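Spelled out, the chains give:
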4 protein chains.
Amino acid sequence: MNFASDNTSAATPEIMAAITAANEGAAMPYGKDPAMDRVRAKVREIFEAPEAEVYLVATGTAANALACAILTDPWGAIFCHRNAHIEEDECGAPEFYTGGSKLVLVEGAHARMTPDALRRAIAFTGRSGVHNVQRGMVSITNATEHGTVYSAAEVAALAAVAKGYGLPVHMDGARFTNALVAGNASPAEMTWRAGVDVLSFGGTKNGCMGVEAVVIFDPKRAWEFELRRKRGGHLFSKHRFLSAQMEAYLAEGLWLRLARHANAMAARLSQGIAALPGAALDHPTEANAVFARFARAGHRRAFDGGATYYLWPFDQPMDGPDEDPLSARLVASWSTTEADVDALLGLIRGRD
Amino acid sequence: MNFASDNTSAATPEIMAAITAANEGAAMPYGKDPAMDRVRAKVREIFEAPEAEVYLVATGTAANALACAILTDPWGAIFCHRNAHIEEDECGAPEFYTGGSKLVLVEGAHARMTPDALRRAIAFTGRSGVHNVQRGMVSITNATEHGTVYSAAEVAALAAVAKGYGLPVHMDGARFTNALVAGNASPAEMTWRAGVDVLSFGGTKNGCMGVEAVVIFDPKRAWEFELRRKRGGHLFSKHRFLSAQMEAYLAEGLWLRLARHANAMAARLSQGIAALPGAALDHPTEANAVFARFARAGHRRAFDGGATYYLWPFDQPMDGPDEDPLSARLVASWSTTEADVDALLGLIRGRD
Amino acid sequence: MNFASDNTSAATPEIMAAITAANEGAAMPYGKDPAMDRVRAKVREIFEAPEAEVYLVATGTAANALACAILTDPWGAIFCHRNAHIEEDECGAPEFYTGGSKLVLVEGAHARMTPDALRRAIAFTGRSGVHNVQRGMVSITNATEHGTVYSAAEVAALAAVAKGYGLPVHMDGARFTNALVAGNASPAEMTWRAGVDVLSFGGTKNGCMGVEAVVIFDPKRAWEFELRRKRGGHLFSKHRFLSAQMEAYLAEGLWLRLARHANAMAARLSQGIAALPGAALDHPTEANAVFARFARAGHRRAFDGGATYYLWPFDQPMDGPDEDPLSARLVASWSTTEADVDALLGLIRGRD
Amino acid sequence: MNFASDNTSAATPEIMAAITAANEGAAMPYGKDPAMDRVRAKVREIFEAPEAEVYLVATGTAANALACAILTDPWGAIFCHRNAHIEEDECGAPEFYTGGSKLVLVEGAHARMTPDALRRAIAFTGRSGVHNVQRGMVSITNATEHGTVYSAAEVAALAAVAKGYGLPVHMDGARFTNALVAGNASPAEMTWRAGVDVLSFGGTKNGCMGVEAVVIFDPKRAWEFELRRKRGGHLFSKHRFLSAQMEAYLAEGLWLRLARHANAMAARLSQGIAALPGAALDHPTEANAVFARFARAGHRRAFDGGATYYLWPFDQPMDGPDEDPLSARLVASWSTTEADVDALLGLIRGRD
């Protein structure tokens with residue numbers, strides 16, 4: 001019962017089989033492997049974007065930081081939500097890769113920026129000419145760090161604000177598929193048709209071993225991406241193993257199935273917790289993560305029973321009255337089972 | 001018959017088996033997996049360095065650039081051979097990670113620095129106080145980019161020059177094991193006993209899928225390494241797959257056997273080429289790469305017969321007299337067979 | 001009647017005389033001029049800090065950015081007020097010089113951080129180990145960008161919070177003297193005795209032509225400062241002209257007299273405005289800048305009469321009802337006269 | 001008798017008078033002063049470049065490093081002579097401002113690149129696609145660091161090589177006027193007509209207090225320059241004092257007269273030294289610096305007599321046989337007099 005993160009899960013059997021199959025004979029290194037050609041074609045097809053350039057890296061931080069670096073100058077502000085992963089969880093990787101950009105933080109409930117808040121933040125920045133950092137780019141995290149989702153229309157509304165200022169838009173889609181399957185939009189509608197210029201398209205958290213695609217819808221900065229990827233140490237010599245993962249991930253809808261399952265497990269868990277006396281959701285459960293508060297006694301039983309997850313914020317005291325609620329983050333993944341969910345709920349409830 | 005590079009080879013069966021075995025259940029991410037503890041212990045044992053800190057990344061460029069970044073300030077010169085990988089093949093990754101260090105190039109035949117040339121380069125740098133870049137660090141590539149090897153004594157002689165100026169020493173050991181098995185020195189003698197402070201200890205080119213260890217013999221900069229690794233996007237969430245590779249690589253001497261085999265195949269090829277009429281070695285064959293020149297007709301037959309390798313430099317014209325020699329680089333790996341070597345030699349000779 | 005900024009003023013006669021006097025014969029360049037030795041001694045005496053190192057640069061942005069760069073690593077957060085000059089008016093110079101630090105913004109009325117708000121910001125940062133930017137340093141702007149002043153006790157309270165977390169403290173003292181003369185503290189009490197490690201000690205805004213001293217109370221990072229200053233292009237060859245300014249500035253209390261005068265002119269202006277019907281101060285007038293709101297008609301009369309100053313924020317519409325107030329920033333300098341103030345007040349009042 | 005450098009000299013009376021005259025009343029800061037408009041117009045007139053953008057900074061290192069930063073990406077190589085100032089004397093400022101470019105060193109006698117050597121260096125760089133640093137820009141130092149001069153035709157020949165590879169050209173003209181007056185070319189012929197895109201146009205070494213113009217002949221990167229200048233801390237608030245210097249410098253041919261005088265003094269000194277028994281020039285004397293060797297006894301007499309200059313290289317031993325020659329650099333400036341030269345020659349000769 002590991003709900004600590006979706007990255008504690010293993011790779012799916014399909015992904016592992018693809019890696020094993022790729023381990024035959026010689027293959028040209030550094031992305032010149034034939035599988036990468038197939039991956040590129042498949043991504044273009046899925047996104048209905050025949051001009052898009054596609055690159056693979058192995059970590060989400062690399063995908064995001066490199067994407068930002070090709071979209072803004074060092075003196076450009078990156079507008080993102082206060083709880084964006086690039087702000088909170090990457091040790092300043094965007095600042096490093098961009099050469100010192102400033103992340104300007106936008107407010108909004110449940111880790112979602114509102115168009116108005118975004119507009120205010122942009123309008124406030126760069127008003128004094130050379131004295132200020134300039135308006136650089138907008139980064140949208142979808143699904144968000146609080147388990148919520150922007151619909152395609154909401155993405156388009158944010159992107160419209162960005163475009164109104166001539167700013168490019170990045171989407172941190174480490175959990176893109178979880179967001180996508182939460183609604184009815186197509187991949188194209190969720191991204192370039194809504195105004196997204198570059199997508200970090202995550203695989204690792206959704207069943208891969210370690211691969212993220214960076215999809216550059218406007219390919220004019222693609223060569224710069226290649227140089228920055230190499231310079232950042234993110235161009236793999238045995239690249240075929242990245243290609244193999246992504247190829248299997250996108251084949252026959254695996255990526256969608258995995259995300260639907262994870263979202264469903266989170267929904268099951270969320271409903272179970274919400275039904276507990278005194279419990280409440282801290283954020284709506286729209287993707288594969290549950291943010292909820294419930295009685296301290298329930299947490300104690302869960303931890304004693306072997307469940308793994310994080311109190312969120314993690315510095316809440318375990319000492320205290322049984323009935324007082326503590327907030328937690330519980331993340332479901334492709335490998336979470338209904339039995340896992342029910343076992344956890346059982347522990348929390350303590351009915352057994 | 002792929003002699004283009006050791007990174008065109010697959011992963012060994014042992015490595016693949018370890019990856020498959022690691023793909024079970026949940027594991028804590030970001031290097032907190034138990035296998036990493038075993039890897040750390042094993043590296044310390046192999047290097048007789050109980051204090052050493054050990055970190056894993058997935059590319060050699062990341063290992064080298066991060067290692068440089070913890071050893072020198074932005075205004076410190078990195079002294080290395082003109083043909084070092086960090087100078088020639090990393091698109092400026094050391095400059096990026098260090099924040100703008102200058103690589104000061106040292107001469108020496110066969111891609112090996114001499115202590116005298118190193119001393120002159122260091123002595124010449126930083127003589128004018130604040131006006132110059134300062135003396136920062138020394139980086140030694142072993143095995144070298146020209147297939148030669150520094151003995152432990154030669155490493156010690158270079159490191160002594162560095163230490164005479166108070167400079168730390170990095171070893172780019174993307175092919176460390178190939179260098180190690182070429183002589184009689186122990187891992188400790190080849191590294192920290194000789195004066196090496198940080199080692200990039202390669203796995204990828206020697207049979208792994210994609211893993212390099214950075215061994216920090218003096219652990220006082222280890223925390224800085226961890227921060228720089230994260231900030232560079234090189235901390236893996238599903239880290240267990242890096243750990244699994246390195247654990248299998250170091251188990252039961254696999255790493256040594258793989259390198260001995262690759263070196264032996266290179267020696268076999270080297271001897272075969274050297275025996276050709278009009279052929280000559282451009283550099284001594286001491287590790288797993290052959291740098292040799294032989295008749296253009298032999299190259300034509302090899303390429304026509306399906307062999308893959310690079311002319312070196314690659315811009316030599318294939319048009320021209322049959323008997324005129326062209327230089328080439330041919331790299332053997334763990335997966336090169338005697339039959340591969342003999343088939344290539346047969347093509348070159350054209351006896352069939 | 002120029003109240004746009006204290007940097008629209010000329011240099012004082014004493015400063016200009018010193019520059020002229022320095023323009024004789026040869027002088028060794030790059031800070032080796034004898035006048036720099038006298039400046040260093042004088043700063044040490046004034047600050048009762050015989051160990052302090054002192055360097056001169058020509059702009060406040062250089063002083064601040066270089067100071068930050070020697071106090072924090074690239075992955076360290078710089079805690080400062082949301083309205084700090086380093087956040088709002090330096091186009092990301094701190095990010096550039098530090099190699100990508102993140103400025104973490106602290107709240108507080110009238111551009112003053114409170115110890116509690118600072119503590120919360122620090123406590124919130126760097127809780128997740130390697131995943132977050134780390135706690136780096138605290139920067140205090142005194143006088144603030146809103147014309148208020150921290151007392152020595154208030155500086156000490158903020159520095160105590162910083163020191164509780166082991167963080168160094170920078171003071172942006174572009175208007176240090178204006179802050180100093182607003183209270184009774186000595187230079188030492190306002191800085192190192194309160195816990196300040198590095199001071200940007202401004203001259204330009206207070207009557208110099210272009211010179212700022214960086215005072216490093218703990219000299220162990222002084223050599224790094226020298227290297228960063230040179231590398232940043234801020235080491236002057238004809239350094240004697242910086243030394244001459246600072247020497248004259250500190251001689252016979254000129255710096256204090258100039259600031260007292262500027263503060264007095266601001267106070268006179270502030271009182272005059274506050275007495276207007278419908279007018280109000282936006283921030284207390286504690287140094288040499290007045291932030292106040294008064295009737296639009298008053299602004300129109302002032303601008304029509306030739307006064308220069310900025311509406312603050314500057315995008316308030318001049319069109320609108322006469323009686324509706326607009327906010328403005330009006331800055332006094334050493335060269336502001338009582339006649340200037342009274343003339344401006346007369347225009348605003350429209351009594352003439 | 002100070003021949004240590006042209007930057008040990010004072011400012012000329014005309015420059016000082018202009019600074020004094022500028023010290024009247026209020027002036028808008030940050031380059032918005034009216035004098036800057038006049039400077040811009042004058043530079044455009046002198047260079048016959050009505051589209052050129054012109055910016056002022058206070059140090060040559062700032063001018064050069066900022067110029068490089070707008071001409072090359074971080075992964076672009078800067079091709080320059082091994083003895084260029086940007087390589088030898090700026091503590092890595094170009095690397096800092098560009099975000100980690102690599103300076104690729106070109107050979108050539110007397111600190112002058114030859115077109116062939118430049119072509120070879122460019123051709124060798126960036127041949128392996130993403131694995132290498134790319135070809136970025138060419139920087140030409142004129143006058144050179146060894147007191148020699150490129151003619152306009154020689155500049156054009158180098159620039160033609162650069163343009164053949166699509167590379168922009170920077171000229172480090174810290175001593176531009178000394179180079180210009182050494183030949184018959186116009187400012188336009190020496191720069192943009194020859195293919196120079198950005199010129200660092202020095203004032204400080206040729207009689208100013210501290211001002212350098214950056215002339216951007218193709219203005220499309222001008223805004224980037226403005227942002228980088230601010231971000232680097234090189235935008236002066238009391239900018240009028242930079243403008244005043246440059247305006248006086250360019251008025252009525254002062255800049256040309258000063259350089260002609262300095263060159264003439266160097267020629268007089270050079271001829272005098274060359275006539276000494278056993279003496280020889282190390283480099284031709286074409287601008288305002290003499291590089292020559294003469295008997296150690298002559299150096300002893302000169303130093304004993306109060307002369308100031310540098311042995312070059314500076315680590316030659318003063319102990320040794322009287323007649324053995326030591327090499328030196330002796331720099332003349334606008335303030336060097338015939339009497340100074342003759343007095344120095346007299347000391348060296350020991351005739352008195």
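Fair warning: this is a prediction, and the values are worked out from it, not measured in the lab. (Residues numbered from 1 in each chain as written. Chains lettered and ligands numbered in written order. Predicted model: local features only at pLDDT ≥ 70, side-chain atom pairs only at ≥ 80, totals over all residues. Heavy atoms only, no water.)

A short note on the interface of chain D and chain A
Here is step 1: Chain D puts 18 residues into the contact, and the matching count from chain A is 18 residues.
Here is step 2: For the chain D and chain A pair, buried surface summed over both sides reaches about 1600 Å², with 70% attributable to carbon and sulfur atoms.
Here is step 3: Together, W75, V130 and R231 of chain D form the three largest contributors to the area buried by chain D at its contact with chain A, with a combined 42%.
Here is step 4: At the boundary of chain D and chain A, one finds 0 salt bridges.
Here is step 5: At the boundary of chain D with chain A, the tally comes to 8 residue pairs in polar contact (both at pLDDT 80 or more).
Here is step 6: For the side of chain D that touches chain A, the element with the most residues is helix α10 (residues 222-231) of chain D, which contributes 7 residues.
Here is step 7: Its residues placed into classes, the side of chain D that touches chain A shows 7 nonpolar, 6 polar and 5 charged. (Contact = heavy atoms within 4.5 Å. Buried area = accessible area lost by both parts, 1.4 Å probe. Salt bridge = Lys/Arg side-chain N within 4 Å of Asp/Glu carboxyl O. Polar contact = N/O pair within 3.5 Å; in protein donor to acceptor, adjacent residues only side chain to side chain. Helix = DSSP H or I, 4+ residues; strand = E, 2+ residues; numbered from the N terminus. Nonpolar A, V, L, I, M, F, W, Y, C, P; charged D, E, K, R; others polar.)

Observations concerning the relation of the copies chain D and chain A
Here is step 1: With an RMSD of 0.0 Å, the operation that places chain D on chain A is a rotation of 180° combined with a shift of 0.0 Å along the axis. Such a combination of rotation and displacement between the chain copies is what one expects of a two-fold axis. In terms of proximity to the rotation axis, the leading residue of chain D is G99 of chain D, whose C-alpha is 3.4 Å off the axis.
Here is step 2: The residues that chain D uses at the interface reappear at the interface of chain A in 100% of cases, marking a shared surface. (Least-squares fit on C-alpha atoms with pLDDT ≥ 70 in both.)

Digging into the packing of aromatic side chains
Here is step 1: Within the structure shown, the criterion is met by 46 aromatic pairs over all chains.
Here is step 2: Where F176 of chain A meets F201 of chain A, the ring centres are 5.6 Å apart and the plane angle is 80°; that geometry is what we call edge-to-face. Of this pair, F176 of chain A sits in helix α8 (residues 176-180) while F201 of chain A sits in strand β6 (residues 198-202), and the two are 25 residues apart along the sequence.
Here is step 3: The exposure class assigned to F201 of chain A is buried, which follows from its relative accessible area of 0%.
Here is step 4: When the centroid spacing of 5.5 Å and the interplanar angle of 80° are considered together, the rings of F47 of chain C and F201 of chain C count as edge-to-face. Taken together, the residues F47 of chain C in the loop between α2 (34-46) and β1 (53-57) and F201 of chain C in strand β6 (residues 198-202) connect sequence positions 154 residues apart. Here the two residues F47 of chain C and F201 of chain C agree in accessibility, since each one is buried.
Here is step 5: The structure contains a cluster of three or more aromatic residues connected by ring pairs, namely F47, F176, F201, F217, Y249 and W255 of chain A.
Here is step 6: Lying across the ring of F314 of chain A, R127 of chain C places its NZ or CZ 5.1 Å from the centre.
Here is step 7: The residue whose ring lies beneath R127 of chain D is F124 of chain D, and the NZ or CZ to ring-centre distance is 4.5 Å. (Phe/Tyr/Trp six-rings, centres within 6.5 Å; stacked < 30°, edge-to-face > 60°. Buried < 20%, exposed > 50% of the residue type's maximum accessible area, 1.4 Å probe, protein only. Lys NZ or Arg CZ within 6 Å of the ring centre and 35° of its normal.)

Thoughts on the sheet that holds strand β2 (residues 76-81) of chain A
Across a sheet, paired strands are connected by hydrogen bonds in the backbone, their directions being either parallel or antiparallel.
Residue and element names in this part refer to chain A.
Here is step 1: Strand order in this open sheet of 7 strands is β1-β7-β6-β5-β4-β2-β3, and the pairing throughout is mixed. Only two strands of the sheet have a single partner each, and these edge strands are β1 (53-57) and β3 (102-106). Ignoring strand direction, the axes of neighbouring strands in this sheet form an average angle of 25°.
Here is step 2: Sheet analysis places β1 next to strand β7 (residues 212-216), joined by 5 bridges and oriented antiparallel. In the strand pairing of β7, L56 is matched with A213.
Here is step 3: Docked against the sheet, helix α10 (residues 222-231) engages β1 and β7, running at close to 10° with respect to β1. (Pairing = 2+ DSSP bridges. Axes fitted to C-alpha atoms, helices over the stretch in contact; angles between N-to-C directions.)

Re the sheet that holds strand β10 (residues 310-311) of chain D
All names here are of chain D.
Here is step 1: Strand order in the open sheet formed by 4 strands is β8-β9-β11-β10, and the pairing between neighbours is antiparallel. The two strands at the open ends of the sheet, each matched to only one other strand, are β8 (280-281) and β10.
Here is step 2: Against the sheet, helix α12 (residues 254-274) contacts β8, β9 (289-295) and β11 (325-331), and its axis sits at roughly 20° relative to β9.
Here is step 3: The sheet strands contacting helix α13 (residues 296-304) are β9, β10 and β11, and the helix crosses β9 at an angle near 115°.

Some points on the side chain of H81 of chain A
Residue and element names in this part refer to chain A.
Here is step 1: Within the secondary structure, H81 sits in strand β2.
Here is step 2: By relative accessible area, H81 is classed as buried at 4%.
Here is step 3: Polar side-chain contacts of H81 include one of 2.7 Å to the backbone oxygen of G108.
Here is step 4: Those residues within four positions of H81 in sequence are excluded, and the remaining contacts are E87, L105, V106, E107, G108, A111, R112 and M113.

Concerning unusual backbone geometry
Here is step 1: Of the consecutive residues N142 of chain A and A143 of chain A, the connecting peptide bond is found in the cis state with omega at -5°.
Here is step 2: Mapping A143 of chain A onto the fold places it in the loop between β4 (134-141) and α7 (152-164).
Here is step 3: With a phi close to 60°, H110 of chain B is a non-glycine residue in the positive phi region.
Here is step 4: Position of H110 of chain B relative to the elements: it lies in the loop between β3 (102-106) and α6 (115-124).
Here is step 5: Residue classification places H110 of chain B among the partly exposed positions, given a relative accessible area of 27%.
Here is step 6: With a phi close to 55°, E252 of chain C is a non-glycine residue in the positive phi region.
Here is step 7: Structurally, E252 of chain C can be placed in the loop between α11 (240-250) and α12 (254-274).
Here is step 8: Assessed through its relative accessible area of 72%, E252 of chain C is described here as exposed.

What about the domain arrangement of chain A?
Residue and element names in this part refer to chain A.
Here is step 1: Split by domain assignment, chain A resolves into domain 1 (10-254) and domain 2 (255-347).
Here is step 2: Here domain 1 and domain 2 have C-alpha centroids that lie 28 Å from each other.
Here is step 3: Listed as interface residues are 29 residues of domain 1 and, on the opposing side, 19 residues of domain 2.
Here is step 4: For the pair domain 1 and domain 2, the summed buried area comes to about 2100 Å², and 57% of that belongs to carbon and sulfur atoms.
Here is step 5: If you look at where domain 1 meets domain 2, you find 1 salt bridge.
Here is step 6: Across the pair R112 and E286 runs a salt bridge, and its minimum N-O distance is 2.8 Å. (Domains from an automatic or database assignment.)

Here we look at the interface of chain A and chain B
Here is step 1: Each side of the interface is counted separately: chain A has 50 residues, and chain B has 51 residues.
Here is step 2: Both faces combined, the contact of chain A with chain B buries some 3800 Å², and carbon together with sulfur accounts for 60% of it.
Here is step 3: Contact with chain B buries surface across chain A, with F96, R231 and K238 of chain A losing the most and accounting together for 20% of the total.
Here is step 4: Put simply, chain A and chain B have 0 salt bridges between them.
Here is step 5: For the interface between chain A and chain B, the tally reads 32 residue pairs in polar contact (both at pLDDT 80 or more).
Here is step 6: Listed by contribution, the elements that provide at least two residues to the side of chain A that touches chain B are α1 (13-22), α3 (60-71), α5 (93-98), α10 and α11 (240-250) of chain A.
Here is step 7: Here the element with the most residues in the side of chain A that touches chain B is α5 of chain A; it accounts for 4 residues.

Here we look at the pairing of strand β9 (residues 289-295) of chain C
Residue and element names in this part refer to chain C.
Here is step 1: Taken across its 7 residues, β9 has 5 buried, putting it largely inside the fold.
Here is step 2: Across 2 bridges, the pairing between strand β8 (residues 280-281) and β9 is antiparallel. Each residue of the ladder has a partner; that of A280, found in β9, is R293.

Thoughts on the pattern of salt bridges
Here is step 1: A complete count under the given rule lists 88 salt bridges over all chains for this structure.
Here is step 2: For R40 of chain B, the salt bridge identified is with D37 of chain B, shortest N-O distance 2.9 Å. Here R40 of chain B and its partner D37 of chain B are both found in helix α2 (residues 34-46), 3 residues apart, which amounts to about one turn of the helix.
Here is step 3: On the basis of relative accessibility, which here comes to 43%, the residue D37 of chain B falls in the partly exposed class.
Here is step 4: With its nearest N and O atoms 3.0 Å apart, the salt bridge here joins E48 of chain C to R193 of chain C. Taken together, the positions of E48 of chain C in the loop between α2 and β1 and R193 of chain C in the loop between α9 (187-190) and β6 put the pair 145 residues apart, joining distant regions of the chain.
Here is step 5: Here E48 of chain C falls in the partly exposed class, since its relative accessible area comes to 39%.
Here is step 6: Owing to a relative accessible area of 46%, R193 of chain C belongs among the partly exposed residues under this scheme.
Here is step 7: Salt bridges sharing partners connect three or more residues here, namely D37, R40, R44 and E53 of chain A.

Thoughts on the packing of helix α3 (residues 60-71) of chain D against α10 of chain D
Residue and element names in this part refer to chain D.
Here is step 1: Two elements in contact, α3 and α10, have axes whose closest approach is 10 Å; the angle formed by their N-to-C orientations is 135°. One finds that α3 runs oblique with respect to α10. Crossing geometry of α3 relative to α10 is assigned as right-handed. On α10, the residues that touch L66, A67, A69 and I70 of α3 are E224, F225, R228 and R229.
Here is step 2: Tallied by class, residues from the contact of α3 with α10 come to 5 nonpolar, no polar and 3 charged. (Parallel < 35°, antiparallel > 145°, perpendicular 65-115°, else oblique. Left-handed = near helix turned anticlockwise from the far one by under 90°.)

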